[in-house]
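# Report on the structure
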Amino acid sequence: MRNNRRITNTFIGLLGPAALAGCASHPNPSSYHAGVLGTNARAGAVQLLSVHVDAPPDSTYAAGADAVVWLTLRNGADQPDTLDSVTSPVAGKTEIRWDDNCDGRYTTVGQLILQPAVPLHEPGPSAVPVFDAYRLRLVDLQRQVLAGTTVPITFRFQRAGSVTVNVPVQPSVPRAEPSTRCVPGPSSTARPGV
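The text that follows walks through the structure, step by step, so that each part is easy to find. Here the structure is a predicted model, which is why all the values come from computation and not from measurement. (Residues numbered from 1 in each chain as written. Predicted model: local features only at pLDDT ≥ 70, side-chain atom pairs only at ≥ 80, totals over all residues. Heavy atoms only, no water.)

### A word on the overall build of the protein
The test is simple: Secondary structure elements are defined from DSSP: runs of H or I of at least 4 residues count as helices, runs of E of at least 2 residues count as strands, and each element is numbered from the N terminus. Here the term buried applies to any residue with accessible area under 20% of the maximum for its type, exposed to any over 50%, and partly exposed to those in between, with areas from a 1.4 Å probe on protein chains only. The criterion used for residue contact is that any of the two residues' heavy atoms lie within 4.5 Å. Computed by Shrake-Rupley with a 1.4 Å probe, the accessible areas treat only the displayed protein chains as cover when residues are assessed.
When helices and strands are tallied, the protein shows 1 helix and 12 strands. Counting only residues that meet the buried cut, the protein has 47% of its 194 residues in that class. Across the protein, every contact between residues at least 6 apart in sequence was considered, and the portion connecting residues at least 24 apart equals 74%. Carbon and sulfur atoms provide 53% of the accessible area of the protein, an area that totals close to 9,400 Å².

Below, the structure written as structure tokens:
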């Protein structure tokens, strides 16, 4: 059972829970189930949850295209931390994007300040993880990227240090439109781009 849970934590789901772009809640990594997208990682006290690249059109991102990365960040420390930068060798540059009103309009920011997270509550068996009001954009891909593969992305935090995550690229399958139920959460704030 424990091995099944570990496998499920990195399962690249086939349908759309990632499309639920809610902003306030943080999923509990111990309760993930089939259908949850992405992979989990940790840098110090910061958890990176359900990190995955959005499905490419026609199963492939062409060289020169841009790609969206969905994720949730949870700061388990007792003091704020800052996501200072994100890089990937497969992209010309990587942008941190912020939707401060949860209205679907993202702006590029220089940093994200991660406040200490509130305790996680165990969701019910039918609960679907939601994602924060931020995401990443891989700009000007340097090579073709196929659905079902992974791309390395390095996250650098001011206190927690850095971690490189092999981020799965979601399979190209139909999925629901993003949820309109979204309330900006108190766990993060953004600093303007520099």
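So, next bit.
### Observations concerning the pattern of salt bridges
It is possible for side chains bearing opposite charge to pair when their charged atoms get close. For the record, the criterion: Here, a salt bridge means any Lys or Arg side-chain nitrogen found within 4 Å of an Asp or Glu carboxyl oxygen.
Overall, the coordinates contain 2 salt bridges when judged by the stated rule. Residues Lys93 and Glu95 are paired through a salt bridge, measuring 3.4 Å at the closest nitrogen-oxygen approach. A residue is classified by how much of its surface remains accessible, and Lys93, at 46% relative accessible area, is partly exposed. Under the relative-accessibility criterion, Glu95 is labelled buried at 10%. Via salt bridges that share partners, Lys93, Glu95 and Arg137 belong to a single interconnected network.

### With respect to the pairing of strand 1 (residues 39-43)
For clarity, the threshold we go by: Here, any two strands with at least 2 DSSP bridges between them count as paired.
In this structure, strand 1 lies alongside strand 2 (residues 46-53), joined through 4 bridges in antiparallel fashion. Residue pairing in the sheet places Ala41 in a bridge with Leu48 of strand 2. Linking strand 1 back to strand 2 in an antiparallel pair, the connection comprises 2 residues, with Gly44 at a positive phi of about 55 degrees.

### Section: the packing of aromatic side chains
Applicable threshold: Side-chain rings of Phe, Tyr and Trp (the six-membered ring for Trp) are treated as a pair once their centres are within 6.5 Å; stacked means planes under 30 degrees apart, edge-to-face means over 60, and tilted covers the remaining angles. For a Lys NZ or an Arg CZ to count as sitting over a ring, it must be within 6 Å of the ring centre and within 35 degrees of the ring normal.
As enumerated under the stated definition, the model contains 1 aromatic pair in all. Centre to centre, the rings of Trp98 and Tyr134 are 6.0 Å apart; their planes meet at 15 degrees, and the pair counts as stacked. Here Tyr134 lies in strand 8 (residues 134-141) and Trp98 lies in strand 6 (residues 91-98), a separation of 36 residues in the sequence. There is no split in this pair, since Trp98 and Tyr134 are both buried. We note Arg135 situated over the ring of Trp70; from NZ or CZ to the ring centre the distance is 5.5 Å. When the ring centre of Tyr106 is taken as reference, the NZ or CZ atom of Arg135 above it lies at 3.9 Å.

### A closer look at the environment of Asn40
Just so we agree on the cut-off: We call two N or O atoms a polar contact when they sit within 3.5 Å, provided that within protein one can donate a hydrogen and the other can accept it, with sequence-adjacent residues counted only if both atoms are side-chain atoms.
Within the secondary structure layout, Asn40 lies in strand 1. Judged by relative accessible area, which is 22%, Asn40 ranks as partly exposed. Residues Asn40 and His52, spaced 12 residues apart in sequence, show a C-alpha to C-alpha distance of 9.4 Å. At 2.9 Å, the side chain of Asn40 forms a polar contact with the backbone nitrogen of Ser50.

### Digging into the pairing of strand 11 (residues 161-168)
Every other side chain in a regular strand lies on the same face of the sheet, so the side chains alternate between the two faces. Here strand 10 (residues 150-157) pairs with strand 11 via 8 bridges, running antiparallel. Among the inter-strand pairings, Pro152 is bridged to a residue of strand 11, identified as Asn166. Where strand 10 folds back onto strand 11 in an antiparallel hairpin, the turn is made up of 3 residues.

### Some points on unusual backbone geometry
For Ser59, which is not glycine, the phi torsion reads 70 degrees and is therefore positive. Tracing the backbone through its elements, the reader meets Ser59 in the loop between strand 2 and strand 3 (60-61). At Asp140, a residue that is not glycine, the phi angle is positive and equals roughly 60 degrees. Considering the arrangement of structural elements, one finds Asp140 in strand 8. Asp140 sits in the partly exposed class, given a relative accessible area of 37%.

### Side note on the environment of Asp84
Tracing the backbone shows Asp84 in strand 5 (residues 81-87). Judged by relative accessible area, which is 27%, Asp84 ranks as partly exposed. Separated by 29 residues in the primary sequence, Asp84 and Ile113 have C-alpha atoms spaced 8.6 Å apart. With near-sequence residues (within four places) excluded, Asp84 lies in contact with Gly110, Gln111, Arg156, Phe157 and Gln158. At 2.7 Å, the side chain of Asp84 forms a polar contact with the side chain of Gln111.

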